[in-house]
Every structure is written in C-alpha cells, then in structure tokens.
Amino acid sequence: MKTFTKFQAAYSLVGPNIWGTDDEVYYDSDQTPPTDAEIDAELIRLQTEYDALEYARKREAEYPSIQECVHAILDDDLDALQAKRASIKDTYPKPE
C-alpha cells in the first residue's frame, strides 16, 4: 500500500521550489507555506485519488504486453486478445 508524505502533499500544493525530507519541508522565502490543515487535506486527497485507481494498476499488470498485441495482430488472433482483455476487465471492474 502506498502512503503519501508531508513533502509530497506540500509539493502538490505549492510546486517544485521546496526541499526537505518526507516529514520536513522547507520553502523559498517568497512562498507562503500551506497550513497543516491544508497539508492534511491534500494527503487525504492524494491517497483517495491513488486508491481509486487501484483497478487500473491491477489491469495494467495483467494486460497483454505490446509484443503480445503485435503478435496477435500479425497472427490474426485479435479475438483471443480481446477475450483476454475482457476477462481482465471483468476481474478488475472500474468502480462506478
């Protein structure tokens, strides 16, 4: 399971002109640092967004490779390729 850090949340909020560690963030002098509440809210948003795409990551891991797709096209075996893709989509449905 992926968890996001304070640094990642701050980066998402203010952009790349920061430095630090996972839990300590330093800002340029012309930046207004986000509040702890804003960072906490961004951590929740990032985690929710990441979790919502779990089905896509699982599908991608099992989908046929580009090489397998090319071979299916060249070998006139598109029906089997589409059946495999449909099976994976059924196994990992997109949430509604």
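The preceding data block contains the structure.
Residues numbered from 1 in each chain as written. Predicted model: local features only at pLDDT ≥ 70, side-chain atom pairs only at ≥ 80, totals over all residues. Heavy atoms only, no water.

**Student:** An account of the nonpolar core is requested, with residue identities and associated values reported.
**Tutor:** Of all hydrophobic cores here, the largest spans 7 residues; its members are Ala9, Ala10, Ile18, Val25, Tyr27, Ile39 and Leu46. Mapped onto this core, the elements with two or more residues apiece are helix H1 (6-14), strand E2 (25-27) and helix H2 (36-52). Ile39 has contacts with Lys6, Ala9, Leu13, Tyr27 and Pro34, leaving out every residue within four places of it along the chain. (Core = buried A, V, L, I, M, F, W, Y, C linked by side-chain atoms within 4.5 Å. Buried < 20%, exposed > 50% of the residue type's maximum accessible area, 1.4 Å probe, protein only. Helix = DSSP H or I, 4+ residues; strand = E, 2+ residues; numbered from the N terminus. Contact = heavy atoms within 4.5 Å.)

**Student:** A description of the packing of aromatic side chains should follow, citing residues and the corresponding values.
**Tutor:** Counted by the stated rule, this structure contains 2 aromatic pairs. Ring centres of Trp19 and Tyr26 lie 6.3 Å apart, and the angle between their planes is 25°; this geometry places the pair in the stacked category. Taking relative accessible area as the criterion, Trp19 reaches 46% and is therefore assigned partly exposed. The ring centre of Tyr63 lies 5.1 Å from the NZ or CZ of Arg85, which sits over that ring. (Phe/Tyr/Trp six-rings, centres within 6.5 Å; stacked < 30°, edge-to-face > 60°. Lys NZ or Arg CZ within 6 Å of the ring centre and 35° of its normal.)

**Student:** Tell me what's going on with a nonpolar patch on the surface, and back it up with residues and numbers.
**Tutor:** Together, Ile66, Val70, Ile73, Leu74 and Leu78 line one region of the surface with nonpolar side chains, adding up to about 530 Å² of accessible area. It is helix H4 (residues 66-74) that contributes the most residues to the nonpolar patch, 4 residues altogether. Residue placement: Leu74 occurs in helix H4. (Patch = residues over 30% accessible without salt bridge, like charges linked within 9 Å, V, L, I, M, F, W, Y side chains within 5 Å. Areas by Shrake-Rupley, 256 points an atom, 1.4 Å probe, with all protein chains shown as cover. Salt bridge = Lys/Arg side-chain N within 4 Å of Asp/Glu carboxyl O.)

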